[in-house]
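Here's the letter readout for the chains.
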Amino acid sequence: MKNETLVNKKKIVIVGGGAGGLELATRLGKKLGKKQRAEITLVDAQNTHFWKPLLHEVAAGSLNAFEDELSYLAQAKWNHFRFIPGKMESINRANKSIGLSPILDGNGQQVVPARTLSYDQLVIAVGSTANDFNTPGAREHCLFLDNRQQAERIHTTLINHYLHAQASGNDASKLRIAIIGAGATGVELAAELHFAAIELARYGLDAIKPEHLEVTIIEGGERILPALPVRISSSVHKQLNKMGIRVMTQQLVSEIQAGGVTTRDGEFIESDLRIWAAGIKAPEFLSQMDGLKTNRINQLIVRPTLQTTLDDQIYSMGDCASCTLTDSKNESITIPPRAQAAHQQASLLAKSLIAQANGAAPLEFNYKDYGSLISLSRFSAVGNLMGAITGDMMIEGTLAKWFYISLYRMHQMTLFGKLRTGTLILKDLISRTTRPQLKLH
Ligand SMILES: Cc1cc2nc3c(=O)[nH]c(=O)nc-3n(C[C@H](O)[C@H](O)[C@H](O)COP(=O)(O)OP(=O)(O)OC[C@H]3O[C@@H](n4cnc5c(N)ncnc54)[C@H](O)[C@@H]3O)c2cc1C
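Computed from a prediction, not measured in an experiment: that's the story for all the values here.

### Side note on the overall build of the protein
In terms of regular secondary structure, the protein is built from 11 helices and 28 strands. With the principal axes as the frame, the protein shows a C-alpha extent of 75 × 55 × 45 Å. Put simply, 64% of the contacts in the protein that link residues at least 6 apart link residues at least 24 apart. If you average the places of the 48 positive and of the 41 negative side-chain charges in the protein, the two averages end up 8 Å apart.

As structure tokens, then:
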């Protein structure tokens, strides 16, 4: 009888254990996996989870990624789901299976061969990467901030520039950094680098004085933070100026070279380091998914139930999904690629898949915009809160910073529960007193 139950158990496979996917796997594991009502499997190309909105802090060194990474195997064990490492590369909808590419070691030797994995219900939550719009030279001459390895590479490159300047003995050395894109990623990174410059000098790497770290943000649109209200954008712009960060708007980048960035107007912005933080696109393999419909940036088009257009058993959520809903004013809204949206979709999908296990129909997603917050490193945060009590309220400074930090704590709460999150907050407070303000190596 036990074997029969195991054989008949529904297989729910979630691909991508990011801001949305890991929350979903954790919720389903606790509700369906624990009671043996379904077999929940999470697949991810990495072995550990790291919350993506913290990447700019890793890049600048204000956060050590090792302290906040979470092993998928451990989370799976604690929450009654299975973790399979692997990168999804294909799907066979007729056979209800996905293909995972081989896992290779650092020398290109095969560690695990290519595999197929069957599913009854599949959730694709593979996130997005920056979109360089095929700008000539971008891939060769820019660093990107799409995952932990890339963030650590930016940090190492930054430290190496400081070490080189220090060894040169020239205490008027300069470091010029160009950031392409003034969305939340570019803006938050610029502020974080400003903080890093102050701290690095304080810890003795002072050949590059804080005022000699020249950060330029280049934005194609009319203003920075184009997706946010004008008042937030203006306030952040002023604060960036106060930090000495140069902001260029209405400047489309036409080419990147080893020594700088050329705009369409023909201006050349010299830079030692270039970081591409503009636009997003979903992974390319999604556009060849056995007929599943995608948009021009490879996002899978989903219905309000988060089911893909052609296949009721395949769902998608988070940055890699394009979901358009109709709001209470009968206006069409496209769900933005944000952690807040991935979190809400994970929560809805968990309820929906549990309801379906009980014989109900799929539930529909309803997005609530609680506002946006932009972190300006330790200095401040700016944003708006949108709620029944607050209305649309702009906040700045320490209060805004607290709300910003609470976003990550909410993610941890979903993954670990209140008690463990409380312990982690305590651990972070204590460890702050025992380590430097910045990762210095
Ligand atoms: C620097 C930065 C700052 C940000 N700040 C904010 C913020 O303040 N607030 C906010 O709301 N949003 C912010 N965002 C956006 C936010 O991070 C994303 O919207 C959110 O992470 C999307 O969640 P997701 O689950 O869709 O994808 P992700 O969190 O990106 O997770 C995708 C997962 O899929 C895995 N994966 C990818 N491809 C494959 C594959 N082929 N096979 C298997 N696994 C795969 C990846 O390893 C990853 O674990 C920020 C983003 C960046 C880069």
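### Quick look at the pairing of strand E15 (residues 213–218)
Burial within E15 is extensive, with five of its six residues counted as buried. Relative to E15, strand E14 (residues 175–180) runs parallel, the two being bridged by six bridges. Bridge pairing links Ala178 to Thr216 in E15. For the crossover that starts at E14, traverses helix H8 (residues 184–202) and ends in the parallel E15, the hand is right-handed. Of the strand pairs in this sheet, E15 and strand E16 (residues 246–248) are connected by three bridges, and their pairing is parallel. In the sheet register, Ile217 faces E16, and the bridge partner there is Val247.

### Notes on the UniProt feature "domain: FAD/NAD(P)-binding" (unreviewed entry) in the protein
The positions that UniProt labels "domain: FAD/NAD(P)-binding" (unreviewed entry) are, in the present scheme, residues 10–346. Along residues 10–346, the helical share is 28% and the strand share 29%, with 19 Å between the first and last C-alpha atoms.

### Here we look at the environment of Asp44
Within the fold, Asp44 resides in strand E2 (residues 38–44). Residues Asp44 and Asp311, spaced 267 residues apart in sequence, show a C-alpha to C-alpha distance of 22 Å. Ignoring sequence-local partners within four residues, the contact set of Asp44 consists of Gly16, Gly17, Gly18, Tyr72, Phe83, Ile84, Pro85 and Gly86. Side-chain polar atoms of Asp44 contact the backbone nitrogen of Gly17, separated by 2.6 Å.

### Here's the deal with the nonpolar core
Of all hydrophobic cores here, the largest spans 53 residues; its most connected members are Tyr162, Ile177, Val187, Leu193, Val236, Leu240 and Leu376. In terms of residues, this core owes the most to one element, H8, which gives nine residues. Beyond its immediate chain neighbours, meaning those up to four positions away, Leu376 contacts Val187, Ala191, Val236, Gln239, Leu240, Met243, Ala381 and Val382. Counting residues in hydrophobic clusters, the runner-up holds 37 residues, among them Tyr72, Ala76, Leu325 and Ala346.

### Some words on the site of the ligand
Neighbouring residues of the ligand: 32 residues in total, closest Gly20, Asp44, Met88, Asp319 and Ala339. The side chain of Asp44 places a nitrogen or oxygen atom 2.7 Å from an oxygen atom of the ligand. One nitrogen or oxygen atom from the main chain of Pro337 is found 3.2 Å from an oxygen atom belonging to the ligand. When the ligand sits alone it has 1,000 Å² of accessible area, and the protein chains cover 88% of it. Of all the secondary structure elements, the ones that give two or more residues to the shell around the ligand are strand E6 (87–92), H8 and helix H10 (339–357). When residues of the shell around the ligand are assigned to their parent elements, the largest contribution, three residues, is made by H10. Of the residues that constitute the shell around the ligand, the class distribution is 14 nonpolar, 12 polar and six charged.

### Description of the sheet that holds strand E10 (residues 115–118)
Strand pairs in the sheet, formed through backbone hydrogen bonds, run parallel or antiparallel to each other. If you trace the three strands from one edge of the open sheet to the other, you get E6-E7-E10, paired in antiparallel fashion. Edge positions in the open sheet fall to E6 and E10, since each of these has one partner strand only. Ignoring strand direction, the axes of neighbouring strands in this sheet form an average angle of 30 degrees. Relative to E10, strand E7 (residues 97–101) runs antiparallel, the two sharing four bridges. From the neighbouring strand, Leu100 faces E10, where its bridge partner is Arg115.

### Observations regarding the domain arrangement of the protein
Segmentation of the protein into domains returns domain 1 (2–128 + 282–368), domain 2 (140–279) and domain 3 (373–432). Spacing between the C-alpha centres of domain 1 and domain 2 amounts to 33 Å. Its largest share of buried area at the contact with domain 2, domain 1 owes to Leu55, His56 and Ala59, together 41% of the area lost on that side. In this structure, the connection of domain 1 to domain 2 is made through one salt bridge. Ionic pairing is found between Glu69 and Arg148, a salt bridge with its closest N-O pair at 2.2 Å. At the boundary of domain 1 with domain 2, the tally comes to four residue pairs in polar contact (both at pLDDT 80 or more). Counting only elements with at least two residues in the side of domain 1 that touches domain 2, the list comes to helix H3 (55–60) and helix H4 (65–68). It is H3 that contributes the most residues to the side of domain 1 that touches domain 2, six residues altogether. Its residues assigned to classes, the side of domain 1 that touches domain 2 shows six nonpolar, five polar and three charged.

### With respect to the sheet that holds E15
Taking strand neighbours across the sheet as the criterion, the five strands line up as E13-E20-E14-E15-E16 in an open arrangement whose pairing is parallel. Only two strands of the sheet have a single neighbouring strand rather than two, namely strand E13 (143–144) and E16. Bridging between E13 and strand E20 (residues 273–276) involves two bridges; their strand directions are parallel. For Leu143, the partnering residue across the bridge sits in E20 and is Ile275. Most of the contacts of H8 go to E15, to which it runs at about 175 degrees, and overall it touches E14, E15 and E20.

### Points about the state of the cysteines
Taken as a whole and assessed by the stated rule, the structure comprises zero disulfides. Cys320 takes part in no disulfide bond, and the closest cysteine sulfur to it belongs to Cys323, at a distance of 12 Å. For Cys320, a relative accessible area of 0% translates into the label buried.

Quick notes on the rules
- Each chain has its residues counted from 1, running along the sequence as written.
- Residues qualify for local features only when their pLDDT is at least 70, as the model is predicted, and side-chain atom pairs are given and counted only at 80 or more; totals for whole chains, interfaces and linings, by contrast, use all residues.
- Only hydrogens and water are removed before side-chain values are computed, so all heavy atoms of the structure are retained for them.
- Secondary structure elements are taken from DSSP: a helix is a run of H or I of four residues or more, a strand is a run of E of two residues or more, and numbering for both begins at the N terminus.
- Throughout, a residue-residue contact means that at least one pair of heavy atoms, one from each residue, lies within 4.5 Å.
- Neither His nor the chain ends is counted toward charge; the positive residues are Lys and Arg and the negative residues Asp and Glu.
- In plain terms, the charge of a residue is placed at NZ if it is Lys, CZ if Arg, CG if Asp and CD if Glu.
- Exposure is judged per residue with a 1.4 Å probe applied to protein chains only, and the accessible area is read against the type maximum: over 50% gives exposed, under 20% gives buried, and values in between give partly exposed.
- Should DSSP find at least two bridges between two strands, the strands are taken to pair.
- Handedness rule for crossovers: strands pointing away from the viewer, path from the first strand over the helix to the second running clockwise, crossover right-handed.
- UniProt positions are given in the numbering used here, feature names are shortened, and annotations may be inferred rather than shown by experiment.
- The term polar contact refers here to a pair of N or O atoms within 3.5 Å; inside protein, the definition further demands a hydrogen-donor-capable atom paired with an acceptor-capable atom, and it admits residues adjacent in sequence only when both atoms are side-chain atoms.
- Remark: nonpolar core denotes a set of buried residues (Ala, Val, Leu, Ile, Met, Phe, Trp, Tyr, Cys) joined through side-chain atoms within 4.5 Å.
- A single heavy atom is enough: if one lies within 4 Å of a molecule or strand, its residue is considered near that molecule or strand.
- Values of accessible area rely on a 1.4 Å probe in the Shrake-Rupley scheme; residue burial ignores everything except the protein chains shown.
- Residues are grouped as follows: nonpolar covers Ala, Val, Leu, Ile, Met, Phe, Trp, Tyr, Cys and Pro; charged covers Asp, Glu, Lys and Arg; every other residue, Gly included, is treated as polar.
- Note on geometry: axes are C-alpha line fits, over the in-contact stretch for helices, and angles between N-to-C directions span 0 to 180 degrees.
- Domain ranges listed in this record stem from an automatic or a database domain assignment.
- Summed over both partners, the accessible area (1.4 Å probe) lost when two parts come together is defined as the buried area.
- We count a salt bridge whenever a side-chain nitrogen from Lys or Arg sits within 4 Å of a carboxyl oxygen from Asp or Glu.
- Note on terminology: pairs of cysteine sulfur atoms within 2.5 Å are recorded as disulfides.

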